[in-house]
Every structure is written in structure tokens, then in C-alpha cells.
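Results of the structural survey
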Amino acid sequence: MKKENCFWTLYKFELRKITRNIVAIVTFLVLLFTGLVQANFEVTGGYEGTKHLDANMNSVINDRQIDDELMAELMDKTDEAGNIEDPEDEGYEGLSEWVQDVMGYGRVFDDIDGDMIYEERTASIEEAHDEMGLTQEERDYWKEQEDKITKPFAYRSDNISAAIFEGISNHMLMLIMLTAASLSSVFAMETQRKTDPMIRSTINGTKELYFAKMAAGMSYILMSLTALLASFFAVVGIRFGFRGMDAAIQLSRPFAACALNMWQVAGILLVILLTGAVLTTAFALLISNLTRNAVASMALVIAAYLGLYFGAMSVPLKFRFLSQALNLLPGALVSSRMVYEYRLIHLGGYFTCYQAAPVIYIVLTALLVTLGYVFYKKHEIKAN
Amino acid sequence: MELVADRLTKQYDNKIAVDRLSFTLKPGVTGLLGANGAGKTTLMRMITGILSPTSGEITYDGKEVKSEEYRNILGFLPQDFGYYPEFTGKEFLMYFCALKGLSKKDAKVRTSELLKMVVLEDVANKKVRKYSGGMKQRLGIAQALINRPEVLILDEPTAGLDPKERVRFRNLIEELGKESIVLLSTHIVSDIENIADRLIMMRSGRIIWDGKWTEENGSLEEFYLKEFE
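Just so we're clear, the structure is a prediction, and the values are computed from it rather than from any experiment. Numbers given for residues are sequential positions, taken from 1 along each chain in its written order. Here every chain gets a letter starting at A, and every ligand a number starting at 1, in the order they are written. Predicted model: local features are reported for residues with pLDDT of at least 70 only, side-chain atom pairs are reported and counted for 80 or more only, and whole-chain, interface and lining totals are derived from all residues. Where side-chain values are given, they derive from all heavy atoms of the structure, hydrogens and water being excluded.

Concerning the overall build of chain B
In DSSP terms, a helix is any run of H or I states spanning at least four residues, a strand is any run of E spanning at least two, and both are numbered starting from the N terminus. Within chain B, the regular secondary structure consists of 8 helices and 10 strands. The C-alpha atoms of chain B give 18 Å as radius of gyration, which agrees with the globular expectation for 229 residues (17 Å, within 12%). The principal-axis extent of the C-alpha atoms belonging to chain B is close to 45 × 35 × 35 Å. Any two residues whose heavy atoms approach within 4.5 Å are treated as being in contact. Sequence separation of at least 24 residues holds for 67% of the intrachain contacts in chain B that already meet a minimum separation of 6. Only the protein chains shown count as cover for residues, and the accessible areas themselves come from Shrake-Rupley with a 1.4 Å probe. As displayed, chain B offers around 10100 Å² of accessible surface, 46% of which is attributable to carbon and sulfur atoms. By the counting scheme adopted, Arg and Lys are positive, Glu and Asp are negative, and His together with the chain ends is not counted. For charged residues, the charge sits on one atom: NZ in Lys, CZ in Arg, CG in Asp, CD in Glu. Once the 34 positive and 34 negative side-chain charges of chain B are each reduced to a mean point, those two points are 6 Å apart. Based on C-alpha atoms, the radius of gyration is set beside the globule rule, defined as 2.2 Å times the residue count to the power 0.38.

Pasting the structure below:
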């Protein structure tokens, strides 16, 4: 009998197996609901209605340069702790918080002027460079980037952009839950349901089936994640609009040393999240293939995420390689704080973490997929 | 058409499941008899290429059993096999048609032929989870026949079938054995005593009887009970 290449037919069947899995369906629906609630909460910050948000977004100081004049105005409207004294001046609250971010909490609001803000910002960035043990080449790189930034910054409230950044970060956790719930059974169930002996004795049951399962798992996660992100952005966009997204990233992350606006940072986060999703999927499928146990796979995927995330947070900066490697993984990197990762990756030239990460994720994915295939091919069915 | 096992051995830790078996299978029905733990399933898994022997080898017309060419002409029904509860009977067979490399067009034709053959056409669009044990078993038999196998390995195929289905199944196997190598393991002597061209009896991983059972040998049932009690 002539053998046909049935990859796409197998792919459709494998996708059908995942989409008809009740655990996957329930998890997706719960995450969709959570995402919609979360979109609202992240923007309003838990305040009743949008009065507070509108006061910030429509502030009279929007688009004004943060300079001596604006700082003098702010000093007049705040007490020593930086609190706004007159409720009518609520529109200054965002700027006050931004100044506290730069100058440090507890700094007395009396004589802060424009120059002090920029000097303090530069000093903080240099301090971070020292803590991270940057080489002279890395310092030169960031100096070059810093020179491209337009200063003084034009003030814009970051309520919407901060909510979008937070929302994208939360989708990383949602991705882990979705992956653990939907993909842990892809290989494991063949063993647990005892379908393995039949499929492995067929002509397409090794190479074609393995790659069809991998492709189905990856495309299911990418499609579901895209749907979750789309609903999140739709709620934010329709309900609140994307005001302030064209402002410089420094209005949300004052120590960022790159000339990017909020949209560009959101775009970078999305690229990292989506390529990170491909890597996470490859990892989850490898675990399902190795353990052949759906519950163990689920637990291992979640444990690996938590372990690596807390590892990234707790490994001291002086262990540069380990700390940098852990911070490069999607769990830690899908955060707008990644603009504070000044350590570069030296691969021929110098690359920032967000330039290198998507490429590294794809290479790691290829390695995991290959490793999984070698194991799958060698896997033997021993038990009854 | 020749399936050759040469000094085939499988050892798990300290237990030898199959011990230096050598035999040659040619077209016809070969019945494999033995009690639980005799090594039948291990032997069948090695013949299908999903389990490697510790030593020895199996070839089909000189081809390795792990080769694609061999899997292309192999049909296998494992003992106590699983299914996909979310698939209908028709989807289950279409899925296995893809696994066996049939084009979509051929798959549709073959699926409907097989559903008819195993009398499941009326419930073809029902989810497999709603099938009775006997229906699932018939579906399993159908998947083993998709690629018109030259080598058909059936591990306890009659489990779960009612007496009427057993008779129909025996006739089907007898027919298939005219052109293919059929190896059928069972506990039930009556399943094979009339259709098997040859019998292999196993105990503790070894062959204790190999040949054609004739009337001169007496009652197979009695011999079996005596040997395996």
C-alpha cells in the first residue's frame, strides 16, 4: 500500500483531541472571564467609576515638559510628602508619583527642580549599572541609547499604559495555566488510555504523529493566547481608549535608557510573550512525553514556572550568568521592568534582552522539540 | 512472505519473559496459546516492533520490524487497548487511516467498508464512549485491518465479543489467513482449534508445543487444561 503524507490530517485530529478536552475548555473559559475582569480592574485601579482615571488622563499638565517651571508648580500643589493638597488638583497626582519614583520615596517635596530630576535619574541608572557589573562596552552602549532620548520628557499620565503592561504580564501566568491544563495530556493520554501500542505500530505513528502533536499543541496555545489578548485589548480600547500610549516609556519606567514609546514596549512584550508561549508549549509537551502522566506533567510545568520565576527574582546579581539567564526566560521577562535589564547579550554584537530573547526562545524550542523526538522514537511500550 | 524470529529473548530485570524463541511464520492462521504471564503479549509486542528484544532478532522478508516498510504492512490489535472517547467511531477509523498513510479519499471508502464489515455502520457517528465493550472491540479489529495487512497480530481479539460475534470474527480471520500471516493469541481454545493452521503453546517464555493440531493428538481443550492448570 502506497504511503501518503497525512501530516495535516493528523494535525487536525490532534487539534480536535485538545479542543474537545473538557479541562482545556473550562480553563480557557475561566481565563477569558478573568482576563475581562482584570482589564477593567487594571485600568481603574480598583476605584469606583472612572472619575479618578479621567482626572489623570485629562490633566491640564498633559504634554507639558517636565522642567523647572512644572516642578515649581508641583511643589506648590503638594505637601512635603508629595500628597496633593487640593482635590481640584488631582491631575497632578500622576506627576507627583512619577517624581517620587525618580527621587525615591520619602524625599521631601520642597525644592525639587527639573535639573535635580534628571541628575537623580542619571545617578540611579549608573548605580544600577554598577550593581549589575556592566562592562565598559555595555556602559557605552547605554550611553549611546540615552543620547537618543528626547529630554526634557513631556508628561503624560501612564494609567492606561501601566494597565496594558500589567495585563500583558498577567497573560504569562494565564499562559502557564492554559498550557498545563490543555497540553499535559497530549502524549500522556496515549499511554494512560492505552492507545500507544496501536498508534506506534502504524507507519505514520512516529515521525508524522510526533510533529503533528507538537504543531497542534503550539497552534492551540497561540490561538487561545491571541484570543485572550485580543479580548483584553478590546475591553481596554473600547471602554477606556488607548490614551497616552504614544508617550515615552520613561513616563512609566523613568530609568529606562531606550528611546521607545509605550506602544513599542507593549509590542516588544507581546513578541516576547508569544515566542515565550512557543517555548513554554515545547517544554510542556516534552514533559508530557517524558512522564507519560498528565497530572505529573501539569504539576511539573507549574513547578518549573514558579521555580524559575522565583529563581530569577532571588539569585544575586553578582552571579551574573545564572541571574541573567534566569531573567531572560519568559516568566521573568514578560514585564515592562525588562527595560531595566541593562546587561547585554554578547553574540557577535551586543543585544538587549528583548532583542535576543525571541531568537533564544526559538532556538531553545527547536532543541526541546528535537530532544522530544529522540525520546519519542526510542520510547517502548512495556507495561500492559 | 515469511516472518522469522531467531533466538528471541526479552528480559525484564531478573525475569525472562521470552526465552530464546525461534520460529518462522508463513501465511495462514497461527494460534498462540498460553496462560497469563506466559510471554504472549511480550512476544507480540516484539513482533510489532514496539518493544525491542534483549537479544535475537525478528525480520519480515529480510526487513527489520522497526522499519517503515514493515509497519506499512502490519496490522495490530493489542490486548486491552484504549480509544478516544471524544471521537465518533467513524472519526476513530479515519484517524487510524491517516496513521496508516491512506489518502482522504481512500480513507473514506475504507472506513465505510470496515464499519460495514464489523457491523457498526448504524452507530458510526456515535461517540466511542457510548459504545458497548463488544462494539469497542469490533472497532479495534477494524482499525487493525485498515491497511489490508500482510502481517496481522491479534492479542486476545475475542475478549468482550458475544458468541454470535465470535463466530463471525472466526470466519473473518479464517478468510484473512488465506493471504496473510495471522498470529492470534487467546485463552479460549475454541477460538482457534478449528481455524488455526498451526498452534504455538507457550509457558514461562518458552514454546512447549508447536505444530498443527490434528484429531490424532486428541482433545486440544484437555491438553491445554492439563498443561496450564
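Remarks on the packing of aromatic side chains
All names here are of chain B. Pairing of aromatic side chains here covers Phe, Tyr and the six-membered ring of Trp, requires ring centres within 6.5 Å, and sorts the geometry by plane angle: under 30 degrees stacked, over 60 edge-to-face, intermediate tilted. Scanning the entire structure with this criterion turns up 30 aromatic pairs over all chains. With a centroid separation of 6.1 Å and 45° between ring planes, the pair formed by Tyr84 and Phe92 is classed as tilted. On the basis of relative accessible area, Tyr84 is assigned to the buried category, the value being 1%. Measuring from centroid to centroid gives 4.9 Å for Phe92 and Phe96, while their planes differ by 45°, and the two rings are tilted. We call a residue buried when its accessible area falls under 20% of the maximum for its residue type, exposed when it is over 50%, and partly exposed in between, using a 1.4 Å probe and counting protein chains only.

Section: the packing of helix α6 (residues 114-131) of chain A against helix α7 (residues 136-147) of chain A
All names here are of chain A. Following both chains from N to C, one finds α6 and α7 inclined at 155°, their axes separated by 12 Å at the closest point. Between α6 and α7, the angle falls in the class roughly antiparallel. Where α6 crosses over α7, the handedness of that crossing is right-handed. Here α6 contributes Arg121, Ile125, Glu126, His129 and Asp130 to the contact with α7, which in turn contributes Arg139, Trp142 and Glu146. Interaxial angle, 0 to 180 degrees, is taken between N-to-C directions of lines fitted to C-alpha atoms, where a helix line uses only the stretch in contact. Comment on the angle field: the value is read as roughly parallel under 35 degrees, roughly antiparallel over 145, roughly perpendicular from 65 to 115, and oblique elsewhere. A clockwise turn of the near helix away from the far one marks a right-handed crossing, whereas an anticlockwise turn of less than a right angle marks a left-handed crossing.

Topic: a positive patch on the surface
Together, Lys12 of chain A together with Lys90, Lys104 and Lys108 of chain B give the surface a local cluster of positive charge. Along the chain, Lys108 of chain B turns up in helix α4 (residues 104-117). Given a relative accessible area of 55%, Lys108 of chain B falls into the exposed group. Think of a patch as exposed residues, more than 30% relative accessible area, with no salt bridge, where like charges cluster within 9 Å and nonpolar side chains (Val, Leu, Ile, Met, Phe, Trp, Tyr) cluster within 5 Å. Only one rule defines a salt bridge in this text: a Lys or Arg side-chain nitrogen within 4 Å of an Asp or Glu carboxyl oxygen.

A closer look at the interface of chain A and chain B
Of the residues lining the interface, 33 residues belong to chain A; the matching set on chain B comes to 40 residues. Once two parts are joined, some of their accessible surface, as seen by a 1.4 Å probe, is lost; buried area is that loss totalled over both. Of the roughly 3400 Å² buried where chain A meets chain B, counting both sides, 57% is carbon and sulfur surface. For the pair chain A and chain B, the number of links is 5 salt bridges. Put simply, Arg16 of chain A and Glu91 of chain B hold a salt bridge, and the shortest N to O gap is 2.9 Å. Polar contacts, as counted here, are pairs of nitrogen or oxygen atoms within 3.5 Å of one another; within protein the pair requires one atom able to donate a hydrogen and one able to accept it, and residues that are adjacent in sequence qualify only if both atoms are side-chain atoms. On inspection of chain A and its partner chain B, the count reaches 18 residue pairs in polar contact (both at pLDDT 80 or more). The leading source of residues in the side of chain A that touches chain B is helix α1 (residues 7-19) of chain A, at 7 residues. Put simply, Ala, Val, Leu, Ile, Met, Phe, Trp, Tyr, Cys and Pro go in the nonpolar bin, Asp, Glu, Lys and Arg in the charged bin, and everything else, Gly too, in the polar bin. Partitioned by chemical class, the residues of the side of chain A that touches chain B number 11 nonpolar, 8 polar and 14 charged.

Details of the nonpolar core
Within soluble globular proteins, side chains that are nonpolar tend to cluster in buried spots. The set of buried Ala, Val, Leu, Ile, Met, Phe, Trp, Tyr and Cys residues whose side-chain atoms join them within 4.5 Å is what this entry labels a nonpolar core. The biggest cluster of nonpolar side chains holds 163 residues, and the ones touching the most others in it are Ile66, Val99, Met338 and Tyr342 of chain A together with Tyr95 of chain B. The greatest single-element share of this core, amounting to 15 residues, is contributed by helix α11 (residues 207-240) of chain A. For each domain, the first and last residues come from an automatic or database assignment. Here this core spans two domains, and each of domain 1 (7-45 + 157-378) and domain 2 (60-147) of chain A adds at least three residues to it. Of all hydrophobic cores here, the second largest spans 29 residues; its members include Leu8, Phe23, Ile58 and Ile153 of chain B.

Some thoughts on the pairing of strand β1 (residues 3-12) of chain B
All names here are of chain B. DSSP bridges decide pairing: two strands pair if at least two such bridges lie between them. Pairing analysis gives 7 bridges linking β1 to strand β2 (residues 15-25), with the strands arranged antiparallel. What sits directly across from Leu3, in β2, is Leu25. With antiparallel pairing between neighbouring strands as the criterion, β1 and β2 make up a hairpin whose turn holds 2 residues, including Asp13 at a positive phi of roughly 45°. As judged from the 5 bridges shared by β1 and strand β4 (residues 55-60), these two strands associate in the antiparallel manner. Bridge pairing in β4 places Thr9 opposite Ser55.

Focus: the sheet that holds strand β7 (residues 151-155) of chain B
Residue and element names in this part refer to chain B. Taken in spatial order, the 6 strands of this open sheet run β6-β7-β8-β3-β9-β10, and their pairing is mixed. Every interior strand has two partners, whereas the edge strands, β6 (74-77) and β10 (206-211), have only one. Mean inter-strand twist for the sheet, computed between neighbouring axes without regard to direction, equals 15°. With 4 bridges connecting them, β6 and β7 associate as parallel partners. The partner of Leu77 across the bridge, within β7, is Leu154.

Structural notes on the packing of helix α3 (residues 89-99) of chain B against helix α5 (residues 133-145) of chain B
Residues and elements named next belong to chain B. Running from amino to carboxyl end, α3 crosses α5 at an angle of 25°, the nearest separation of the two axes being 9 Å. Accordingly, the angle class assigned to the pair α3 and α5 is roughly parallel. The hand of the α3/α5 crossing is right-handed. Taking contact as the criterion, the partners of Gly89, Phe92, Leu93 and Phe96 in α3 are, on α5, Leu139, Ala142 and Gln143.

A short note on unusual backbone geometry
Lys151 of chain A connects to Pro152 of chain A through a cis peptide bond whose omega is 0°. Checked against the element boundaries, Pro152 of chain A lands in the loop between α7 and α8 (159-183). One non-glycine residue, Arg292 of chain A, lies in positive phi territory at about 55°. Summarising the element assignment, Arg292 of chain A is placed in the loop between α12 (262-291) and α13 (294-314). Residue Arg292 of chain A is classed as buried on the basis of its relative accessible area, which comes to 8%. Of note, the phi angle at Asp61 of chain B is positive, near 45°, even though the residue is not glycine. Judged by its relative accessible area of 42%, Asp61 of chain B falls in the partly exposed class.

Observations concerning the environment of Ala284 of chain A
Residues and elements named next belong to chain A. Residue placement: Ala284 occurs in helix α12. Remark: the alpha-carbon pair of Ala284 and Leu368, spanning 84 residues in sequence, is separated by 9.9 Å. Among all residues touching Ala284, those that are not within four sequence positions of it are Thr179 and Val301.

Quick notes on the confidence of the model for chain B
Residues and elements named next belong to chain B. Chain-level pLDDT for chain B is 92 on average; 100% of the residues reach the 70-or-more range. Looking at any residue, its pLDDT shows the predictor's confidence there, from 0 to 100. The spread of mean pLDDT over the elements of chain B runs between helix α8 (residues 220-228), the lowest at 81, and α3, the highest at 97. Quick note on the complex model: pTM equals 0.92, ipTM equals 0.92.

Overview of α1 of chain A
Along an α-helix, residues three or four apart share an orientation, since each turn contains 3.6 residues. Expected helix span is computed as 1.5 Å times (number of residues minus one). Taking 1.5 Å of rise per residue, the 13 residues of α1 of chain A would be expected to cover 18 Å, and the 18 Å separating its terminal C-alpha atoms lies within 8% of that figure. Those residues of α1 of chain A that fall on the buried side of the exposure criterion are Phe7, Leu10, Tyr11, Phe13, Glu14, Leu15, Lys17 and Ile18 of chain A. Buried residues belonging to α1 of chain A abut α2 (22-44), α8, α9 (185-192) and α11 of chain A together with α3 of chain B.

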